[in-house]
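Geometric and topological summary
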Number of protein chains: 2
Amino acid sequence: MCRRAGRGDSESSILRETRNGAEEFLLHNSSMVMTCSGEGLGLITDGAVHIKHGQVAWVGRSGDIDRSVTANARKIDLGGGLLTPGLIDSHAHPLFAGNRANEFEMRSEGADYLEIAKAGGGINATVGPTRDASFDELLANTLARLKIALRGGTTTMEAKSGYDLRASGEIRLLQVAQAASLAQPIDLMPTLLGAHVLPPEYKDRRDAYVDLVVEKMIPQTATENLADAVDVYCDEGAFTLAETERILRCAKEHGLKVKAHVGQFVDLGGPELIADLGGLSCDHLEQISEAGMQAMARAGVVATMLPGACVQLKMPPPPVAQLRKHGVALALASDLNPGSSNCETLSLPMWLATTHFGMTVAEAWLGVTRHAACALGRNDIGQVSPGHRADLVLWDAEYPGEIPYRFGTTLVNRVWKDGVLCSDLVKHL
Amino acid sequence: MCRRAGRGDSESSILRETRNGAEEFLLHNSSMVMTCSGEGLGLITDGAVHIKHGQVAWVGRSGDIDRSVTANARKIDLGGGLLTPGLIDSHAHPLFAGNRANEFEMRSEGADYLEIAKAGGGINATVGPTRDASFDELLANTLARLKIALRGGTTTMEAKSGYDLRASGEIRLLQVAQAASLAQPIDLMPTLLGAHVLPPEYKDRRDAYVDLVVEKMIPQTATENLADAVDVYCDEGAFTLAETERILRCAKEHGLKVKAHVGQFVDLGGPELIADLGGLSCDHLEQISEAGMQAMARAGVVATMLPGACVQLKMPPPPVAQLRKHGVALALASDLNPGSSNCETLSLPMWLATTHFGMTVAEAWLGVTRHAACALGRNDIGQVSPGHRADLVLWDAEYPGEIPYRFGTTLVNRVWKDGVLCSDLVKHL
């Protein structure tokens, strides 16, 4: 089982409860359990799940419950509903301060990337407020975002740094992620994204900034166990393929996993590099070559789609049909960030994926469960299957298609994290 | 002032309270009031609104409050926030039973319109369950949808019939709308859409069905004051231009307003017809000619955009830039319906409009306030302006752009309808 780095279970109240043996219970009489195990969505009608020690002990039809095994379990009649794995948001930037609604307005009035940059917009517009914010302000901002995400059914979320761009500041953002993960139910998976964009003070010293990432940020992140992975924004206007390779090879030498933002605007050959490095995922992928897709398929690199940012920036959709044909695993994420996708939840990306992107409902569900787990290098989440964590969502729905189909509201009824009911959730109106 | 037909104020508890003089109060210290009056969005920083008899008595800067006039008003310090008109959803089909998530799944797997129709899908797939549902079931379904809409800031919504397609059944749906309007705060504006699609039992008798609409449905609707307007789905696969003209001329003769679904798939000349008839709006408009746009502009017909359905059905966006150039007023609606857009709220259509459709943030806001009021033939709503109804929304935001920008959640904090706080709203997590 791949465990995330950077935090002892003993620090978390929820995990503490889990370790001491969270309540043993049996959920039964759900209309359908979506296990995301085996073939397709692994649907079980009239399903039941036995939870013990914060993990799934058994899943099957309500009629097949072994009463001798579940004798000590509290029985919870769900009275219908669709029970699924907790959602996994495998590409998210929740660690920032500031507000860029003004850029959104400018873009709607026809301003392009350059005009917005001239008006002080873009990633660096978030860097200033993030540097200026206190640790507590950043933590409060992050917790507010996680509350919305939990209400939408997310139980695990990636948390990229990348809005400070100083060594100490990037480390501080990873520490905010760690604190936020302990303060509420969603499990955060921190990623170092020091190579998000070149900060203004390094604009004529590209190499010096890459030196900073390689010589300071990565070693300290690894030594202090602050992140699971290192990410690079490999695209025109951000980092070159050679810079990306230098940074990610360094990350691997320090025992960290690697991934990259590639082909959002221009395909620089990132997919082939990530495949060579045995990376977790390539994200965005509006632009990608046949060779890139073949390399990803061969190396088992996940393609993470970000439809919110794609639609908001008016980019063409990624080549889903070809990625599917090549057998690349497809994940789907919010890309929560203040510039191109200020969205904490996954049901809307699922709707965009199944409409604008041409993904199937089954692909969208796997994209926020099993394949998202792969994209984070996790094999203990994303499925309702024995040995997996009991991260579960009960939806006011009967069929998988209803979640994207009902796109104007949330159908989440209850969420369990590690077998603990997140009881601070109120039922949506 | 154009008043809606079909219901006496005395029947509604909220309107009764209004008539007896709802509380007089003064909202002050909002970060910004968006009046939607005068030029553009009519923004007032540090704004205040004086409400009396359920209407706006005065709006201006907090510093300009006339204390002698507001002496008796209860003062409510908003402590910031964006205060806007209540949202108006001018194109919605909330009156139906049944679930078509299966069609959504089929479409995501590549099935086209014909394949879905062969599998029993399409509008007629909703007609069966709607005919079979009791009045109370239909009412309960509608109220559940309105609860979500209210939580999203909607205070007025159109309610089209069109999922029964028998004379008695269409009348029954309009009665459901009337009952639903009385049972909760959102004001429903019923529209007869008997000419939604040809029901199966008339498939070889087109003229006989149009006779039924013209000879039974419209006269009874008018006599019993059950709707404000009549709508026709004028497109390939639905009703021809000649049939549309016959139905809508009959509606006008009965004193009802007219509008039409036009150009969702094929432009049959509907915009010119609606302009000739002095209609309220043309809706969808993915396909429209220059001549059609000119006719709409000349006649003051509103163009109602439906981005949810457009994206879900993978249609090209309507020609927003040309409509703007011709000076056509642009409205924006949910198109809440079980087939192409099962969405009760307006903030997501606003996001799609400002990204995928190329509308500005200001156009999107006017599209769900002032222009939506025009599309419903109402001049007493859609603005925060003296004499207008005190339908107001307080948002957890400071700038207009924040609502579409934060597209994964709702920022609604409080809603007032006719000057009455809708206190059953809980604050979102």
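Residues numbered from 1 in each chain as written. Chains lettered and ligands numbered in written order. Predicted model: local features only at pLDDT ≥ 70, side-chain atom pairs only at ≥ 80, totals over all residues. Heavy atoms only, no water.

Thoughts on the overall build of chain A
Each helix and strand counted, chain A has 16 helices and 16 strands in total. Its C-alpha atoms give chain A a radius of gyration of 21 Å, near enough to 22 Å, the size a compact globule of 429 residues would have. Overall size of chain A, expressed as C-alpha extent along the three principal axes, is 70 × 45 × 40 Å. Burial statistics for chain A: of 429 residues in total, 65% are counted as buried. Sequence separation of at least 24 residues holds for 72% of the intrachain contacts in chain A that already meet a minimum separation of 6. (Helix = DSSP H or I, 4+ residues; strand = E, 2+ residues; numbered from the N terminus. Rg over C-alpha atoms; globule rule 2.2 N^0.38 Å. Buried < 20%, exposed > 50% of the residue type's maximum accessible area, 1.4 Å probe, protein only. Contact = heavy atoms within 4.5 Å.)

Focus on the relation of the copies chain A and chain B
Each copy of the sequence occupies a distinct position, and chain A is placed on chain B by a rotation of 180 degrees and an axial shift of 0.0 Å, giving an RMSD of 0.0 Å. Classification of the inter-copy transformation places it as that of a two-fold axis. Here 100% of the contact residues of chain A are again contact residues in chain B; the copies associate through an equivalent surface. (Least-squares fit on C-alpha atoms with pLDDT ≥ 70 in both.)

A few points about the environment of A:Thr191
Residues and elements named next belong to chain A. Take Thr191: it is sitting in strand S8 (residues 187-195). Between the C-alpha atom of Thr191 and that of Leu114, which follows or precedes it by 77 residues, the distance is 28 Å. Beyond its immediate sequence surroundings of up to four residues, Thr191 is in contact with Glu158, Ala159, Lys160, Ser161, Leu174, Ala227, Ala229, Val230, Asp231 and Lys259. Within the structure, the side chain of Thr191 is placed 2.7 Å from the side chain of Glu158, a separation counted as a polar contact. (Polar contact = N/O pair within 3.5 Å; in protein donor to acceptor, adjacent residues only side chain to side chain.)

As for the sheet that holds strand S11 (residues 281-284) of chain B
All names here are of chain B. The strand order across the open sheet formed by 8 strands is S6-S7-S8-S9-S10-S11-S12-S13, and the pairing between neighbours is parallel. Two strands in the sheet have a free side with no partner beyond their single neighbour: strand S6 (87-89) and strand S13 (330-332). Ignoring which end each strand starts from, the neighbouring axes of this sheet average 25 degrees apart. As defined by bridge partners, strand S10 (residues 257-262) adjoins S11 across 3 bridges and the pair is classed as parallel. Directly across from His261, in S11, lies its bridge partner Asp283. Helix-sheet contacts for helix H8 (residues 241-253) involve strand S8 (187-195), strand S9 (229-234) and S10, and the interaxial angle to S9 is about 180 degrees. (Pairing = 2+ DSSP bridges. Axes fitted to C-alpha atoms, helices over the stretch in contact; angles between N-to-C directions.)

Things to note about the interface of chain A and chain B
Residue-level contacts link 45 residues of chain A with 45 residues of chain B. When the two sides are added together, the surface that chain A and chain B hide from each other amounts to roughly 4100 Å², 67% of it contributed by carbon and sulfur. Taken together, the links from chain A to chain B amount to 2 salt bridges. Across the contact surface, chain A and chain B share 18 residue pairs in polar contact (both at pLDDT 80 or more). No other element matches the 5 residues that helix H13 (residues 347-355) of chain A contributes to the side of chain A that touches chain B. (Buried area = accessible area lost by both parts, 1.4 Å probe. Salt bridge = Lys/Arg side-chain N within 4 Å of Asp/Glu carboxyl O.)

Focus on the pairing of strand S11 (residues 281-284) of chain A
It is a general feature of regular strands that their side chains alternate between the two faces of the sheet. Residue and element names in this part refer to chain A. Handedness of the crossover is the feature at issue here: the chain leaves strand S10 (residues 257-262), passes through helix H9 (residues 270-276), returns alongside S11, and the resulting connection is right-handed. Bridge analysis of S11 against strand S12 (residues 302-305) gives 3 bridges, and the strand direction is parallel. If you follow Asp283 over to S12, its bridge partner there is Thr304. (Right-handed = clockwise from strand over helix to strand, strands pointing away.)

Side note on the packing of aromatic side chains
By the definition in use, this model includes 14 aromatic pairs over all chains. The interplanar angle of 65 degrees and the centroid separation of 5.1 Å between the aromatic rings of A:Tyr202 and A:Tyr209 together place this pair among those described as edge-to-face. Under the relative-accessibility criterion, A:Tyr202 is labelled buried at 15%. Residue A:Tyr209 is classed as buried on the basis of its relative accessible area of 0%. Here B:Trp365 and B:Trp395 contribute two aromatic rings whose centre-to-centre distance is 5.6 Å and whose plane-to-plane angle is 90 degrees, an arrangement assigned as edge-to-face. (Phe/Tyr/Trp six-rings, centres within 6.5 Å; stacked < 30°, edge-to-face > 60°.)

Structural notes on helix H10 (residues 290-299) of chain B
Residue and element names in this part refer to chain B. All of the buried residues in H10 are Gly292, Met293, Ala295 and Met296. Burial along H10 is one-sided: seen end-on, the buried residues are contained in an arc of 160 degrees. Taken together, the buried residues of H10 touch helix H9 (270-276), S11, strand S12 (302-305) and helix H12 (320-325). Gly300 lies just past H10 and shows a positive phi near 70 degrees. (Arc of directions from axis to C-beta.)

Thoughts on helix H7 (residues 206-223) of chain A
All names here are of chain A. Between its first and last C-alpha, H7 extends 25 Å over 18 residues, near the 26 Å set by a 1.5 Å rise per residue. Taken residue by residue, H7 has Tyr209, Val210, Leu212, Val213, Val214, Met217, Ile218, Pro219 and Thr221 as its buried positions. Residues of H7 that are buried make contact with helix H6 (167-183), S8, strand S9 (229-234) and helix H8 (241-253). Positive backbone phi, at 60 degrees, marks Asn225, one or two positions downstream of H7. (Expected span 1.5 Å × (residues − 1).)

Considerations on the nonpolar core
In this structure, A:Ile247, A:Trp365, A:Trp395, B:Ile247, B:Trp365 and B:Trp395 are the most contacted members of the largest nonpolar core, which totals 214 residues. Sequence-distant contacts of A:Ile247, that is, excluding residues within four places in its chain, are made with A:Ala195, A:Val210, A:Val213, A:Val214, A:Ile218, A:Val230 and A:Val232. (Core = buried A, V, L, I, M, F, W, Y, C linked by side-chain atoms within 4.5 Å.)

Considering unusual backbone geometry
Residues and elements named next belong to chain A. In this model, Leu165 sits at a positive phi of 70 degrees, which is unusual for a non-glycine residue. Inspection of the secondary structure assignment puts Leu165 in the loop between strand S7 (154-160) and H6. The phi torsion at Leu285 lies on the positive side, around 65 degrees, for a residue other than glycine. Take Leu285: it is sitting in the loop between S11 and helix H10 (290-299).

Focus: the domain arrangement of chain A
Residues and elements named next belong to chain A. By the assigned domains, chain A splits into domain 1 (11-85 + 383-428) and domain 2 (87-375). Inter-centroid distance (C-alpha atoms) of domain 1 to domain 2 is 29 Å. In this complex, domain 1 contributes 32 residues to the contact, which on the side of domain 2 involves 21 residues. Across the domain 1 to domain 2 interface the summed buried area is about 2200 Å²; carbon plus sulfur atoms make up 69%. Area buried by domain 1 at its contact with domain 2 is led by Pro404, Phe407 and Lys417, which between them contribute 23% of it. Our count for the domain 1 to domain 2 interface comes out at 0 salt bridges. On the surface where domain 1 and domain 2 come into contact, there are 5 residue pairs in polar contact (both at pLDDT 80 or more). Elements that contribute at least two residues to the side of domain 1 that touches domain 2 include exactly strand S5 (82-85), strand S14 (392-395), helix H16 (402-405) and strand S15 (412-417). (Domains from an automatic or database assignment.)

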